[in-house]
Amino acid sequence: MLSISARHPRSRTSEPSCISLKLAITMSGLRLNKRVKDHYMKLPQGGKVLVTYVWKNVPSEELQCKTRTLDYEPKSIEDIPEWGFGFHLQPEDPISDMYLIPVKMFKDPFFLDPNKLVLCEAMKSNGQPAENNLRHSCKNVMEAARDHHPWFGMEQEYILIDINGLPYGWTEDSFSTPEVTHHCGVGADKVYGRDIMEAHYKACLYAGIKIWGSNAEIIPSQWEFQVGPCKGIDVGDHLVMARFILHRVCEDFGVVATLDPKPVPEFWADSGCHVNYSTEDMRSEGGLKHIEDAIENLSKRHDYHISKYDPTGGKDNARRLIGYLVTSKIHQFSSGIDDRCASIRIPIHVWQQGYGYLEDRRPAATCDPYAVIEALVRTTVLKETGSETNVYEKS
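Residues numbered from 1 in each chain as written. Predicted model: local features only at pLDDT ≥ 70, side-chain atom pairs only at ≥ 80, totals over all residues. Heavy atoms only, no water.

1. Brief notes about the overall build of the protein chain
A count of helices and strands for the protein chain gives 11 helices and 13 strands. Across the 395 residues that make up the protein chain, the buried fraction comes to 49%. For the protein chain, the share of sequence-separated contacts (at least 6 apart) that also reach a separation of at least 24 residues comes to 67%. Accessible surface, the protein chain: about 18700 Å² in total, of which carbon and sulfur atoms supply 52%. (Helix = DSSP H or I, 4+ residues; strand = E, 2+ residues; numbered from the N terminus. Buried < 20%, exposed > 50% of the residue type's maximum accessible area, 1.4 Å probe, protein only. Contact = heavy atoms within 4.5 Å. Areas by Shrake-Rupley, 256 points an atom, 1.4 Å probe, with all protein chains shown as cover.)

Below you can see the structure in the form of C-alpha cells.
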C-alpha cells in the first residue's frame with residue numbers, strides 16, 4: 001500500500017514518511033542517462049528471442065517478472081515453455097517451488113519484436129494454483145457461463161508519485177490549495193505526467209493490449225486508462241499486462257504509478273477500477289429488463305462483492321467508498337440511472353435505448369480483475385447467493 005499521509009502538511013509530525021525514504025532509496029538508481037542504454041538495446045541478438053514472464057503471486061496487486069532466452073520466435077502460447085521459480089511471501093518463510101504456466105502472449109514494447117511478454121499463471125509443484133492465482137478459478141467460472149457471452153470493460157485509475165513521495169508535480173503547498181477538478185484537463189497547470197500516459201498508451205497498442213482510451217482524472221497527477229470490451233477472462237489478462245507495462249514505463253521516467261485507492265488523504269480524489277459488464281441478453285433488444293434483474297441480484301449480495309473488490313477484503317475500499325468524491329457508501333448498496341455516486345450505474349444512453357450494460361463502480365484500483373469479473377458472473381449468471389461459492393470444474 002502506498003500512502004503519503006505522513007507528508008500531509010496538516011500532520012503534526014515533521015518526520016519524513018517511510019514511503020518517501022523508500023522511494024529515495026529504490027529510485028536513486030533511476031537517474032541514469034537512458035541514451036547510454038540505447039547503444040546496448042540496438043545490438044543484434046544473434047537470432048535469439050527474449051521472453052519476459054509476468055505473473056502475480058504476492059498478496060497485493062503487485063506483479064513480478066523475469067526474462068529468459070529462446071532459440072526461436074514463439075508463434076503461439078504453446079511454443080513457450082513452463083518455467084520454475086522459488087518463492088516465499090516473507091523472508092522468514094521457507095522457499096516454495098512454483099511453476100509459471102504461460103497463458104497469453106504479447107509483443108514486447110521494451111525489447112521490441114520478435115521479443116515477447118508472456119502472462120503466466122503461478123502454480124504450485126503439486127499442480128494446484130498458487131494462493132494468489134485467482135485466474136484459475138475465474139477461468140472455470142467463465143467456462144460455466146460461456147453460453148451467456150459475458151463481456152467486460154475496466155477503467156483503471158492511477159496516480160503518479162514522484163521521488164519525494166508526493167504526487168508527481170506537487171509540492172507541500174499543493175495540499176493547502178483548494179481542490180479543483182481537472183478531469184480531462186489540458187495545460188501544464190492542470191495535468192502532470194502526460195508524457196508517461198502517452199508512452200504507456202502507445203506501448204499498450206504495440207503490445208496488442210485492448211486499450212480503448214485514456215484521460216486525465218480529478219487531480220493533476222491522476223490518470224485513467226480503459227481496457228476492453230473483452231470477452232470473459234480476456235479483460236483480466238489485458239488489464240494485468242497493461243498494469244505491468246505501466247509500471248515498466250514509469251521505471252524509465254523515474255516515477256511510481258500507485259493503484260492505492262486513497263494515496264492522498266482526506267478530501268482528495270480516490271482511485272477506482274470501474275467495470276462495465278453485460279451478457280448477451282443485456283446487449284439485446286429489451287436488455288434493460290435483464291440489467292435490472294442483475295442489479296436486483298447484486299443488491300442482495302453487496303457484502304460478498306465488497307469482500308472481492310480489493311485485495312484486503314474491503315479494507316482498502318473502506319478508505320475510498322465514503323459517500324462523496326463521486327463514490328457510494330461502502331456498507332450501502334445503491335443503483336441509479338447515470339448516477340456516479342451509486343454502487344451500480346445504468347448509463348443514460350443504455351436507459352434511453354433499452355439495452356446495453358451496467359457499470360459497477362465499487363471495485364478499487366488495486367482490485368484483482370479476475371476476482372471482480374468472477375464475482376459478477378457468479379451472482380448475475382450462475383445465480384449464487386450468500387457468501388458461499390460453488391466449485392466449477394473445467395469441462
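Next comes the rest of the account.
2. Digging into helix 3 (residues 135-144)
Looking at helix 3, one finds that the buried residues are Arg135, Cys138, Asn140, Val141 and Met142. Next to the buried residues of helix 3 lie strand 4 (96-107), strand 5 (116-124), strand 6 (151-161), helix 5 (234-253) and helix 11 (369-380).

3. Quick notes on the side chain of Glu121
Among the structural elements, Glu121 can be located in strand 5. Here the side chain of Glu121 touches His136 through a polar contact of 3.3 Å, side chain to side chain. Not counting the four nearest positions on each side in its chain, Glu121 is found in contact with Tyr99, Leu100, Ile101, Val103, Asn133, Arg135, His136 and Lys139. (Polar contact = N/O pair within 3.5 Å; in protein donor to acceptor, adjacent residues only side chain to side chain.)

4. Considering unusual backbone geometry
Going from Asp113 to Pro114, the amide bond is cis rather than trans, its omega being 15°. Relative to the helices and strands, Pro114 resides in the loop between strand 4 and strand 5. With omega at -5°, the peptide bond leading from Gly228 into Pro229 counts as cis. Relative to the assigned elements, Pro229 resides in strand 8 (residues 222-231). The backbone phi angle of His149 is positive, close to 50°, even though this residue is not glycine. Mapped onto the elements of the fold, His149 is located in the loop between helix 3 and strand 6. Positive phi outside glycine occurs at Asp338, with the angle close to 55°.

5. Points about the packing of helix 3 against helix 11
Two numbers describe how helix 3 lies on helix 11: the axes approach to 9 Å, and their chain directions differ by 30°. Taken together, the axis directions place helix 3 and helix 11 in an arrangement best described as roughly parallel. When you trace helix 3 past helix 11, the crossing you get is left-handed. Contacts between helix 3 and helix 11 involve Arg135, Ser137, Cys138, Val141 and Met142 from the first element and Tyr370, Ile373, Glu374, Val377 and Arg378 from the second. When grouped by side-chain class, the residues that make up the contact of helix 3 with helix 11 number 6 nonpolar, 1 polar and 3 charged. (Axes fitted to C-alpha atoms, helices over the stretch in contact; angles between N-to-C directions. Parallel < 35°, antiparallel > 145°, perpendicular 65-115°, else oblique. Left-handed = near helix turned anticlockwise from the far one by under 90°. Nonpolar A, V, L, I, M, F, W, Y, C, P; charged D, E, K, R; others polar.)

6. Concerning a nonpolar patch on the surface
A contiguous nonpolar surface patch, about 310 Å² in accessible area, is contributed by Val36, Tyr40 and Leu43. For Tyr40, a relative accessible area of 54% translates into the label exposed. (Patch = residues over 30% accessible without salt bridge, like charges linked within 9 Å, V, L, I, M, F, W, Y side chains within 5 Å. Salt bridge = Lys/Arg side-chain N within 4 Å of Asp/Glu carboxyl O.)

7. Notes on the nonpolar core
Generally speaking, soluble globular proteins have nonpolar side chains that are buried together. Counting 66 residues, the largest nonpolar core has Phe152, Tyr158, Ile209, Met241, Ile245 and Leu358 as its most contacted members. Apart from residues no more than four positions distant in its own chain, Ile245 is found in contact with Pro109, Phe110, Leu117, His200, Ala203, Cys204, Ala207 and Ile209. Core analysis: the next-biggest nonpolar cluster, separate from the first, contains 14 residues, Val51, Leu70, Phe85 and Ala122 among them. (Core = buried A, V, L, I, M, F, W, Y, C linked by side-chain atoms within 4.5 Å.)

8. Things to note about helix 4 (residues 194-207)
Here helix 4 is 14 residues long and its end C-alpha atoms lie 20 Å apart, about the 20 Å a rise of 1.5 Å per residue gives. Taken together, the buried positions of helix 4 are Ile196, Met197, His200, Ala203, Cys204 and Ala207. Down the axis of helix 4, the smallest arc covering the buried residues is 130°, so these residues share one side. With respect to the buried face of helix 4, the exposed residues turned more than 90 degrees away are Asp195 and Lys202. In this structure, the buried side of helix 4 is in contact with strand 4, strand 6, strand 7 (211-216), strand 8 and helix 5. Gly208 sits one or two residues past helix 4 and shows a positive phi near 100°. (Expected span 1.5 Å × (residues − 1). Arc of directions from axis to C-beta.)

9. Observations concerning the packing of aromatic side chains
Under the counting rule described, the total for this entry stands at 4 aromatic pairs. With a centroid separation of 4.9 Å and an interplanar angle of 65°, the aromatic rings of Tyr53 and Trp83 are classed as edge-to-face. You can see Tyr53 sitting in strand 1 (residues 49-55) and its partner Trp83 sitting in strand 3 (residues 83-87), a full 30 residues away along the chain. Relative accessible area serves as the criterion here: at 0%, Tyr53 is assigned to the buried category. Aromatic side chains Tyr158 and Phe225 sit 6.2 Å apart centroid to centroid with 50° between the ring planes, which places their arrangement in the tilted category. Remark: Phe225 occurs in strand 8 and Tyr158 occurs in strand 6; sequence separation between them is 67 residues. Here Tyr158 matches Phe225 in class, with each residue buried. Looking at Lys66, its charged tip hangs above the ring of Trp83, at a distance of 4.0 Å from the centre. Residue placement shows Arg301 over the ring face of Tyr304; its charged tip is 3.8 Å from the ring centre. (Phe/Tyr/Trp six-rings, centres within 6.5 Å; stacked < 30°, edge-to-face > 60°. Lys NZ or Arg CZ within 6 Å of the ring centre and 35° of its normal.)

10. Remarks on the pattern of salt bridges
Scanning all chains against the criterion turns up 26 salt bridges. Of the charged contacts in the structure, one is a salt bridge between Glu121 and Lys139, with a shortest N-O distance of 3.5 Å. With a gap of 18 residues between them, Glu121 in strand 5 and Lys139 in helix 3 connect regions that are remote in the sequence. Given a relative accessible area of 4%, Glu121 falls into the buried group. Relative accessible area serves as the criterion here: at 27%, Lys139 is assigned to the partly exposed category. Lys300 is the partner of Glu296 in a salt bridge, and the nearest nitrogen-oxygen pair spans 3.7 Å. Accessibility expressed as a relative area gives 42% for Glu296, which makes it partly exposed. The class for Lys300 is exposed, based on a relative accessible area of 62%. It is possible to trace a salt-bridge network through shared partners that takes in Lys104, Glu121, Arg135, Lys139, Asp234 and Asp237.

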